[in-house]
Amino acid sequence: MNLTGQETLPVSQAQAWEALNDAALLQASITGCESLTLIGEHEFEALMTVAIGPVKAKFKGKLKLSDLQPPSSYHLAFEGSGGAAGHGKGTAHVRLEPVSPTETTLHYDVQASVGGKIAQIGSRLVDMAAQKMAGDFFSAFNTALQARYAVAAVVAESAADEAPKKSRFQRLLDWYLGWLGRVFTGKV
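This report concerns the structure included in the present document. (Residues numbered from 1 in each chain as written. Predicted model: local features only at pLDDT ≥ 70, side-chain atom pairs only at ≥ 80, totals over all residues. Heavy atoms only, no water.)

Examining the side chain of Ser73
Test applied: Each helix corresponds to a stretch of at least 4 residues labelled H or I by DSSP, and each strand to a stretch of at least 2 residues labelled E; elements are numbered beginning at the N terminus. For every residue, the accessible area (1.4 Å probe, protein chains only) is compared with the maximum for its type, and the residue is labelled buried under 20%, exposed over 50%, or partly exposed between those bounds.
Structurally, Ser73 can be placed in strand S5 (residues 73–81). Using a relative accessible area of 12% as the deciding quantity, one classes Ser73 as buried.

Thoughts on helix H1 (residues 13–20)
Heads up, the condition is: Here, the arc refers to the directions that run from the helix axis to the C-beta atoms.
Those residues of H1 lying buried are Gln13, Ala16, Trp17, Ala19 and Leu20. Down the axis of H1, the sector holding all buried residues measures 165°, keeping them to one side.

So, the sheet that holds strand S7 (residues 103–115)
Condition: In short, DSSP must find at least two bridges between two strands for them to pair. Fitted lines through C-alpha atoms give the axes, limited to the stretch in contact for helices. The angle between two N-to-C directions lies from 0 to 180 degrees. Here, two residues are considered to be in contact whenever any of their heavy atoms come within 4.5 Å of each other.
Read from one edge of the open sheet, 7 strands run S1-S7-S6-S5-S4-S3-S2, paired in antiparallel fashion. Looking along the sheet, the strands with just one partner apiece sit at the ends: strand S1 (2–9) and strand S2 (33–40). Pairwise comparison of adjacent strand axes, ignoring direction, gives a mean angle of 25° for this sheet. Relative to S5, strand S4 (residues 55–69) is paired through 8 bridges, and the arrangement is antiparallel. Residue pairing in the sheet places Lys62 in a bridge with Glu79 of S5. Contacts between H1 and the sheet are confined to S1, S4, S5, strand S6 (87–100) and S7, with S6 contributing the most and set at about 160° to the helix.

Concerning the layout of surface pockets
Formally: Using a 1 Å grid laid over the protein atoms alone, points where a 1.4 Å probe fits but cannot get out form a cavity; open sets with protein on both sides within 12 Å along at least 5 of 7 lines form a pocket; any residue with an atom within 4 Å of a point counts as lining. Grid points are joined across faces, edges and corners, and a volume is the space filled by probe spheres set on the points. Only Asp, Glu, Lys and Arg are considered charged in this grouping, and only Ala, Val, Leu, Ile, Met, Phe, Trp, Tyr, Cys and Pro are considered nonpolar; every other residue, Gly among them, is considered polar.
Volume-wise, the largest pocket comes out at about 220 Å³. Val50, Ala51, Ile52, Ala129 and Met133 are, among the 14 residues lining the largest pocket, the residues nearest its centre. In terms of residue count, the dominant contributor to the lining of the largest pocket is helix H4 (residues 123–148) (6 residues). Looking at the lining of the largest pocket residue by residue, the classes come out as 7 nonpolar, 4 polar and 3 charged.

A short note on the pattern of salt bridges
To keep it simple, the criterion reads: A carboxyl oxygen of Asp or Glu within 4 Å of a side-chain nitrogen of Lys or Arg is what we treat as a salt bridge.
Per the counting criterion, the structure on display carries 6 salt bridges. Across the pair Glu18 and Arg148 runs a salt bridge whose closest N-O atoms are separated by 3.9 Å. Here Glu18 is found in helix H1, whereas its partner Arg148 is found in helix H4, with 130 residues between them in sequence. Judged by its relative accessible area of 46%, Glu18 falls in the partly exposed class. Taking relative accessible area as the criterion, Arg148 reaches 33% and is therefore assigned partly exposed. Via salt bridges that share partners, Glu18, Asp22 and Arg148 belong to a single interconnected network.

Section: the nonpolar core
Definition in use: Throughout this description, the term nonpolar core refers to a set of buried Ala, Val, Leu, Ile, Met, Phe, Trp, Tyr and Cys residues connected via side-chain atoms within 4.5 Å.
Ranked by size, the top nonpolar core spans 40 residues in total, and within it Leu9, Leu20, Leu106 and Phe141 carry the most contacts. The residues contacting Leu106, other than those within four sequence positions of it, are Gly5, Gln6, Glu7, Leu9, Leu20, Val94, Arg95, Leu96 and Phe138.

A short note on the environment of Leu26
Looking at where Leu26 falls in the secondary structure, it is placed in helix H2 (residues 23–29). A relative accessible area of 14% places Leu26 in the buried class. Taking C-alpha positions, Leu26 is 8.6 Å from Phe137, a pair spaced 111 residues apart along the chain.

Right under this line is the structure:
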């Protein structure tokens, strides 16, 4: 399974880097994550409940950061086991690109493989579940960033207030194109 994408974060590159290395903030942003504990330098142990189609299991795993280039990028290796439900492992490359003093683009590229009952579900369902988990994570992570760095949210609001108002037709067209994009990416 490959999952590649990017997300706009409402904070500076340094703030994004700090947040991506905050275990408590990450744990709160990952749906089903019960614990994320630092067990060594740049190494974490995770316990989370995951549901993929009809299979729901508690997974215990490890995450290890490597090739750290603060505040720009790092590699992440992960592996986890959910007992009879199956197992998974993979790698991710995360890169932060500053857009402005209050906005950063996070690029990610994930390669993962699964085995056991999860693999029997089918790659399409596993891919859709992974995309949903990523979407849920970034939604919660952005909310946490806005709460932690309230100044960035205020700046974004004032910029939105200064933006010209869109016509009813343009708003409808934007909604339709957004919906169409979600249909094609399986996020509906």
